[in-house]
Amino acid sequence: MLITSKQAGLASAICALGTIITTNTVQAAPPQVSPHAAAVFAFWTPERQAKAIPRDLVVDSRGLGYLRKADGKLQPYGHHIAALAKDVSTRKGKPGGGGGGGGGGGGGRTKVVSSSTWDVPGAAQNAIGRILFQMPDGYYVCSGTVVNDGTSGRSVILTAGHCVYDDVAKTFATNVLFIPNQDETTGTGTDFDCNNDPLGCWAPSFGVVGTDWTTATFPNNIPYDYAYYVVNDTGAHSGAGSNIGLDSAASPLDISFTAATLSVKTTALGYSYDVDPLLMYCQQDVGLEGSYGDYWLSRCGLSGGSSGGPWTQSTAADLGTGPVMSVNSWGYTGQPGMAGPPLHGNFASCLFDQAKASSLNGGDVIGCN
């Protein structure tokens, strides 16, 4: 099933750029920015960027979902029940699954890194970026990864479903902006200047999300918290870097739709809000979360803003290079840890095919059921 909807808020068409003639040379005009992308770039003023907060979803010991605000306060998500004054969750990873109750997972063979700055330049750092977007209730930040799609004319960003579609308001994010490798900005943090980010800024054309995420509400749709943004190779770039297409500029990572190996070293990366603009990571042997069946990193301490960032399984020799087998999704209110949905045995691959094939002018896509 496919349902498309045009994204709102497109600006009026900007003037075509002609050839610039000087006294001695003929200089090619800079690439024209599409009306949609121009509107997105203009939207993110310093004031709006300053108001963007993590879209950090958590579950309490009663199984109720909350949006954890930047100050730590819990806002009811999809209901009106106040958060517990103190919540100590007793839910743990499945025994033998490598994630239970604060252990390193899988016997703890891998040294646990709960949260640290990423210091491995290369593919992962170029592919992973910060996502800014607007939902009906405000401005938000998440993380995402440019992944190999094997198609021409577009690039695909993998992220979390809750960074693409508001499952309470039942609507897509708007004014979506992607900033790859913001870790190497020459600015002091997230700002409105795309010229100080090494690869500039990119405006996705549309989002792709699963029916099972859109028809339920967190935490009932936890296993389906994955989605994609699609970026046109032309007219979607602003600022520093080359306008050759996002996947050509950003060294995309492979994506895997086969089951991950449990009790094996797994690295989760993302742009944590409280250490802007640094790329952060956690690392330990991966297990299974005992209540919802997601993958589970029991000691991961990545904070809000990292949602949608990639999980990779790799050896020390190719640390963080992929393939991507999950994304940062959610946690519990009363214990550390990060859960990520499997990308196998569900509709993640089907949605990826839709992201690669849907019209760049057709609007957002809900599909695969």
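Residues numbered from 1 in each chain as written. Predicted model: local features only at pLDDT ≥ 70, side-chain atom pairs only at ≥ 80, totals over all residues. Heavy atoms only, no water.

**Some points on the sheet that holds strand 22 (residues 295-297)**
Each strand in a sheet pairs with its neighbour through backbone hydrogen bonds, running either in the same direction (parallel) or in the opposite one (antiparallel). Ordered by their spatial adjacency, three strands build an open sheet running 21-22-26, and the pairing between neighbours is antiparallel. Looking at strand neighbours, the two that pair on one side only are strand 21 (287-288) and strand 26 (338-340), the edges of this open sheet. (Pairing = 2+ DSSP bridges. Helix = DSSP H or I, 4+ residues; strand = E, 2+ residues; numbered from the N terminus.)

**Quick word on the side chain of Asp166**
Take Asp166: it is sitting in strand 12 (residues 165-166). At a separation of 2.9 Å, a polar atom in the side chain of Asp166 contacts the main-chain amide nitrogen of Ala169. The contact partners of Asp166, leaving out residues within four places of it in the chain, are Arg55, Tyr77, Met135, Pro136, Asp137 and Thr171. (Polar contact = N/O pair within 3.5 Å; in protein donor to acceptor, adjacent residues only side chain to side chain. Contact = heavy atoms within 4.5 Å.)

**Quick word on unusual backbone geometry**
Of note, the amide linkage connecting Phe218 to Pro219 takes the cis form, showing an omega dihedral of 10 degrees. Mapped onto the elements of the fold, Pro219 is located in the loop between helix 4 (211-214) and strand 17 (227-232). At the junction of Asp276 and Pro277, the peptide bond is cis and its omega measures out at 10 degrees in the coordinates. Tracing the chain through its elements places Pro277 in the loop between strand 19 (265-270) and strand 20 (280-285). Backbone geometry places Ser263, a non-glycine residue, at a positive phi of 60 degrees. Overall, Ser263 belongs to the buried group, its relative accessible area being 16%. Of note in the backbone geometry, Cys368 takes a positive phi value of approximately 70 degrees without being a glycine. Mapping Cys368 onto the fold places it in the segment after strand 27 (364-367). Look at Cys368 and you get buried, because its relative accessible area is 4%. (Buried < 20%, exposed > 50% of the residue type's maximum accessible area, 1.4 Å probe, protein only.)

Keep in mind that these numbers describe shape and distance, not what the molecule does.
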